[in-house]
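Secondary and tertiary structure notes
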Amino acid sequence: MVKKIRTTTEWLEKKISVKPEIGLVLGSGLGEFAEEIAISFEIPYEEIPNFPKATVSGHDGKLIFGTIAGKHVVAMKGRFHYYEGYSQQEITFPIRVMKFLGVELLLLSNASGGMNPNYIVGDIMIITDHINLMGTNPLIGPNIDGLGPRFPDMGAVYDRKLVDLAKATAREIQLDIKFGVYAAVTGPVYETPAEYRYMYRIGADAVGMSTVPEAIVAHHMGMKLFAVSVISDLGIEGQIETITHEQVVEAAKATEPKLATLLLKMFEKL
């Protein structure tokens, strides 16, 4: 793995002139935030050595380098998912490459189903913790000490200072945001009513099919982490409706301007 990471990192370093300090993963329906980046270089995933290929609608599949509010960033416009048939190590490979490129702060975004009865479609939820219900973990297998410890403590995965910054920034721009726990499942199916009830009862406020593998790997490598979820549909008893991926993407896109405003204001303060 380290050889592949180094090969990809060195290949990308030849294409860029400045090391990125912040990494972003732009999930379902949130890819248009890439327009906020003053782009210096972008490349499709299929041209990058050892990178998987994005296969899901709403995930364009580009790696973008540039600046936001004067900060040097690298952004994944589209991510990889376990349900696409990739291993946990493959879907998190780009996160390890980001770290080797110089990224110390990672921002993750996704669209999710809200289970908290106080949520509505279009809410922005700052992730404060997660529950891994995927039945696997990207750190399974021999540990590579140069990447991180064998048994990383998961007591504080999401950076408290960044969560507080989001809260203060939202208050400043008069944006109502939520704070909650994200449950990760494998997909590629949306949950049954019983599964929604179960996850809410064990402490989750929203559920999705991504983010947690990347969060685990980022934390394993000592990166600061901030994650945000757009509530694109509801898994609340009595409010569950038939949902399609297209509806999820559209709901996320509708909320994107508010999320973009929040993130841009946060970038100015980082």
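Presented here is a report on the structure given in the accompanying data block. Since the structure is predicted, the reported quantities are computational estimates derived from the model, not experimental observations. (Residues numbered from 1 in each chain as written. Predicted model: local features only at pLDDT ≥ 70, side-chain atom pairs only at ≥ 80, totals over all residues. Heavy atoms only, no water.)

**As for unusual backbone geometry**
A cis geometry characterises the amide bond from G187 onward to P188, with omega recorded as 0°. Of note, P188 is situated in the loop between β7 (178-184) and α5 (193-201). Its identity is not glycine, yet N50 carries a phi of approximately 75°, on the positive side. (Helix = DSSP H or I, 4+ residues; strand = E, 2+ residues; numbered from the N terminus.)

**Remarks on the layout of surface pockets**
Here the largest pocket defines a volume of roughly 300 Å³. Lining the largest pocket are 22 residues, with S28, A111, Y190, M209 and V248 sitting closest to its centre. For the lining of the largest pocket, the elements supplying multiple residues, two or more each, are β5 (105-114), β8 (206-208), β9 (224-234) and α7 (245-269). When residues of the lining of the largest pocket are assigned to their parent elements, the largest contribution, four residues, is made by β5. Class assignment for the residues of the lining of the largest pocket results in nine nonpolar, ten polar and three charged. Each pocket or cavity is described by its volume, and for the second largest pocket that value is around 210 Å³. Forming the boundary of the second largest pocket are M1, K4, N50, F51, P52, Y86, Q89, E90, T92, F93 and R96. Those elements that provide at least two residues to the lining of the second largest pocket are α2 (88-91) and α3 (93-101). Within the lining of the second largest pocket, the residues separate by chemical class into five nonpolar, three polar and three charged. (1 Å grid on protein atoms, 1.4 Å probe; cavity = no way out; pocket = protein on both sides within 12 Å on 5 of 7 lines; lining within 4 Å. Points joined across faces, edges and corners; volume = space filled by probe spheres on them. Nonpolar A, V, L, I, M, F, W, Y, C, P; charged D, E, K, R; others polar.)

**Examining the nonpolar core**
Ranked by size, the top nonpolar core spans 46 residues in total, and within it F51, L63, I95, L106 and L225 carry the most contacts. In this view, F51 contacts T8, Y45, L63, F80, F93, P94 and V97; residues no more than four positions away in its chain are not counted. Listed in part, the 34 residues of the second largest apolar core include A111, I177, L259 and A260. (Core = buried A, V, L, I, M, F, W, Y, C linked by side-chain atoms within 4.5 Å. Buried < 20%, exposed > 50% of the residue type's maximum accessible area, 1.4 Å probe, protein only. Contact = heavy atoms within 4.5 Å.)

**Brief notes about the pairing of strand β4 (residues 71-77)**
Most of β4 sits out of view: six of its seven residues are buried. Pairing between strand β1 (residues 22-26) and β4: five bridges, direction parallel. Paired with L24 across the strands is A75, a residue of β4. (Pairing = 2+ DSSP bridges.)

**Considering α3**
Along an α-helix, a turn takes 3.6 residues, which lines up residues three or four apart on a common side. Taking burial as the measure, the nine residues of α3 include seven buried ones, the bulk of the element. Residues of α3 that are buried include every one of F93, P94, I95, R96, V97, M98 and L101, and no others. Within two residues after α3, G102 carries a phi angle of roughly 125°, on the positive side.

**Observations concerning α7**
Across its 25 residues, α7 extends 34 Å between first and last C-alpha, which sits within 8% of the 36 Å expected from 1.5 Å per residue. Of all the positions in α7, only V248, V249, A251, A252, T255, E256, L259, A260, L262, L263, M266 and F267 are classed as buried. (Expected span 1.5 Å × (residues − 1).)

**Details of the side chain of R96**
Examined against the element boundaries, R96 turns out to sit in helix α3. Buried within the structure, R96 lacks any salt-bridge partner; D145 is the closest side chain of opposite charge, at an N-O distance of 11 Å. When near neighbours in sequence (up to four residues on either side) are disregarded, R96 contacts M1, I5, L139, L147, V217, H220 and M221. (Lys, Arg positive; Asp, Glu negative; His and termini not counted. Salt bridge = Lys/Arg side-chain N within 4 Å of Asp/Glu carboxyl O.)

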